[in-house]
Amino acid sequence: MTIQERILAADLPTPCYVIDEAKLIENGRLLKAVQDRTGCKILLAQKAFSNYDLYPSIAPYLAGTEASGLFEARLGAEKMPDKECHVFCAAYREQDFEELLKYAGHIVFNSPSQLKKFGAAAKAAGKQIGLRINPECSTQEGHEIYDPCAKGSRLGTTIAQWNEQMTEELIALLDGLHFHTLCEQDSDALEITLGAVEEKFGKYLHQLKWLNMGGGHHITREDYDIPRLERCIVRMRDTYGVQVYLEPGEAVALNAGYLLTEVLDTLKNGDTDIAILDMSAACHTPDVIEMPYRPPLFASGEAGGKPYTYRLGGPTCLAGDIVGDYSFDSALKTGYRLLFEDMAIYSTCKNNTFNGMPLPDIWQACADGSFKLLARFGYEDFRYRLGT
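Residues numbered from 1 in each chain as written. Predicted model: local features only at pLDDT ≥ 70, side-chain atom pairs only at ≥ 80, totals over all residues. Heavy atoms only, no water.

Caption draft 1: Summary view of the packing of helix 2 (residues 21-38) against helix 10 (residues 226-240). Here helix 2 crosses helix 10 at 40 degrees, and the two axes come no closer than 10 Å. Taken together, the axes of helix 2 and helix 10 are oblique relative to one another. The chirality of how helix 2 crosses helix 10 is right-handed. Across the interface between the two elements, Leu 30, Val 34, Arg 37 and Thr 38 of helix 2 pack against Ile 226, Leu 229, Glu 230, Ile 233, Val 234 and Arg 237 of helix 10. (Axes fitted to C-alpha atoms, helices over the stretch in contact; angles between N-to-C directions. Helix = DSSP H or I, 4+ residues; strand = E, 2+ residues; numbered from the N terminus. Parallel < 35°, antiparallel > 145°, perpendicular 65-115°, else oblique. Left-handed = near helix turned anticlockwise from the far one by under 90°. Contact = heavy atoms within 4.5 Å.)

Caption draft 2: Inspection of helix 2 at higher detail. With 18 residues, helix 2 extends 26 Å between its outermost C-alpha atoms, agreeing within 8% with the 26 Å of an ideal straight helix rising 1.5 Å per residue. Turning to helix 2, its buried residues number three or more, namely Glu 21, Lys 23, Leu 24, Ile 25, Asn 27, Gly 28, Leu 31, Val 34, Gln 35 and Thr 38. On the buried face of helix 2, the contacting elements are strand 1 (16-20), strand 2 (41-45), helix 3 (55-58), helix 10, helix 11 (250-253) and strand 15 (361-365). The distance from a side-chain oxygen at the start of helix 2 to the backbone nitrogen of Ala 22 is 3.2 Å, and the residue carrying that oxygen is Asp 20. Among the residues trailing helix 2, Gly 39 stands out with phi positive, at a value near 80 degrees. (Expected span 1.5 Å × (residues − 1). Buried < 20%, exposed > 50% of the residue type's maximum accessible area, 1.4 Å probe, protein only. Polar contact = N/O pair within 3.5 Å; in protein donor to acceptor, adjacent residues only side chain to side chain.)

Caption draft 3: Structural context of the pattern of salt bridges. In total, this model carries 24 salt bridges according to the counting rule given. A salt bridge links Lys 117 to Glu 94, with the nearest nitrogen and oxygen atoms 3.2 Å apart. Of this pair, Lys 117 sits in helix 6 (residues 112-124) while Glu 94 sits in helix 5 (residues 94-103); the two residues are 23 residues apart in sequence, bridging distant segments of the chain. Residue classification places Glu 94 among the exposed positions, given a relative accessible area of 57%. Put simply, Asp 175 and Lys 209 hold a salt bridge, and the shortest N to O gap is 3.4 Å. (Salt bridge = Lys/Arg side-chain N within 4 Å of Asp/Glu carboxyl O.)

Caption draft 4: Representation of the packing of aromatic side chains within the structure. This structure, assessed with the given rule, holds eleven aromatic pairs. Aromatic ring contacts, followed pair by pair, group Tyr 92, Phe 97, Phe 109 and Phe 118 into a single cluster. Between Arg 294 and the ring centre of Tyr 326, over which it is positioned, the NZ or CZ distance is 3.9 Å. (Phe/Tyr/Trp six-rings, centres within 6.5 Å; stacked < 30°, edge-to-face > 60°. Lys NZ or Arg CZ within 6 Å of the ring centre and 35° of its normal.)

Caption draft 5: Layout of the sheet that holds strand 7 (residues 176-178). Spatial strand order, 2-3-4-5-6-7-8-9: eight strands in a closed barrel with parallel pairing. Averaged over neighbouring strand pairs, the angle between their axes works out to 25 degrees when direction is ignored. For strand 6 (residues 128-132) and strand 7, the ladder comprises three bridges, and the chain directions are parallel. Within the sheet, the bridge partner assigned to Gly 130 lies in strand 7 and is Gly 176. Across the sheet, helix 10 is in contact with strand 8 (210-212) and strand 9 (243-246); its angle to strand 9 comes to roughly 145 degrees. (Pairing = 2+ DSSP bridges.)

Caption draft 6: Region of interest: the pairing of strand 3 (residues 64-67). Bridge analysis of strand 2 against strand 3 gives three bridges, and the strand direction is parallel. Of the residues in strand 3, the one forming a bridge with Ala 45 is Glu 66. As judged from the four bridges shared by strand 3 and strand 4 (residues 84-88), these two strands associate in the parallel manner. Looking at strand 4, one finds that Gly 64 is bridged to Glu 84. For the crossover that starts at strand 3, traverses helix 4 (residues 70-79) and ends in the parallel strand 4, the hand is right-handed. (Right-handed = clockwise from strand over helix to strand, strands pointing away.)

Caption draft 7: Expanded view of the side chain of Asp 278. Note on placement: Asp 278 falls in the loop between strand 11 (272-277) and helix 12 (281-284). Buried charge without a salt bridge: Asp 278, with Arg 337 as the nearest opposite-charge side chain at an N-O distance of 7.3 Å. At 2.6 Å, the side chain of Asp 278 and the side chain of Thr 14 are in polar contact. At 2.6 Å, the side chain of Asp 278 and the side chain of Thr 261 are in polar contact. (Lys, Arg positive; Asp, Glu negative; His and termini not counted.)

Caption draft 8: Main features of the side chain of Asp 175. Within the secondary structure, Asp 175 sits in the loop between helix 8 (168-173) and strand 7. Here the side chain of Asp 175 touches Lys 123 through a polar contact of 2.8 Å, side chain to side chain.

Caption draft 9: Layout of a nonpolar patch on the surface. On the surface, a cluster of nonpolar side chains totalling about 240 Å² of accessible area is made up of Ile 289, Leu 318 and Phe 354. You can see Leu 318 is positioned in the loop between strand 12 (308-313) and strand 13 (322-328). (Patch = residues over 30% accessible without salt bridge, like charges linked within 9 Å, V, L, I, M, F, W, Y side chains within 5 Å. Areas by Shrake-Rupley, 256 points an atom, 1.4 Å probe, with all protein chains shown as cover.)

Okay, here's the thing in structure tokens:
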């Protein structure tokens, strides 16, 4: 029985997320093998996956965590206490920074002005200091919202900004450089990006201890070119004598999660058959609308590919609360259960309670075949965010 069949056969409430521990471990082993062969260190980008109940399952295969601010840094330090904790934020708040120093061992700044403002204090606290650079090399198409190298990007220091603002004193504070330019991409995009990094910033790398190549590397995707990735890592390691870091989030939890949902109603508008689910794209899978993308759905096909095609949507008042058009072997009926796939990433960490929608349970599909409830949410979880 497949994991999908096990979830559909289990007596689980809907909607609910199910995180597949066995797949997390499989991904972790692949990432560990890359580290063993190249000497790089791979961190979990918690912005994509922060279900800390599963951290004990993946910690043996990772060097630590990467955070985007104070709370994620604290979570990483508390839930992987024996691992490295890195943080990058586009701008740090003064009232948070002293506490941040308790958790993060590596602190990356976005601009020379932030480095100037906080770098000395971080260095005095014994932290590793980095600066995020912008190599101004776009390798993405169609998703400018996720392209840190897009024109006018606020993320990273360009070479023009470096030449204008980076004094010898600021350069002396640095232990490493960081760039993050990819989004769900293969290693050919990394290879292109490294050319731009070396052309603009290579002469500074010889003075530094590490280079963080950020995230967006789809390493655990079935067709990902791992040998090319490893060649990139080894070349940068050997050319500049740096420790190489990668900080993917999706690669850690890729294809390791599901969202189980039930059909509440079916209706027809003109030629369009519609099914209303008890999950909401807007609330429970916000990237479906923000990205946008059409998530995989178990035992379904493209619109028109199977005999019965439905537009699947949520129960909220948002007209655009639509997951997408899918086809099925048989007509959908009230009470049928559907299983969306690849839901461990950017789901539980981004969901919301718009319209007062309840947050789905979070369950673990344990490696031993059992299911375990990790979190259940109710009215109080909706209410407490809105007042006292």
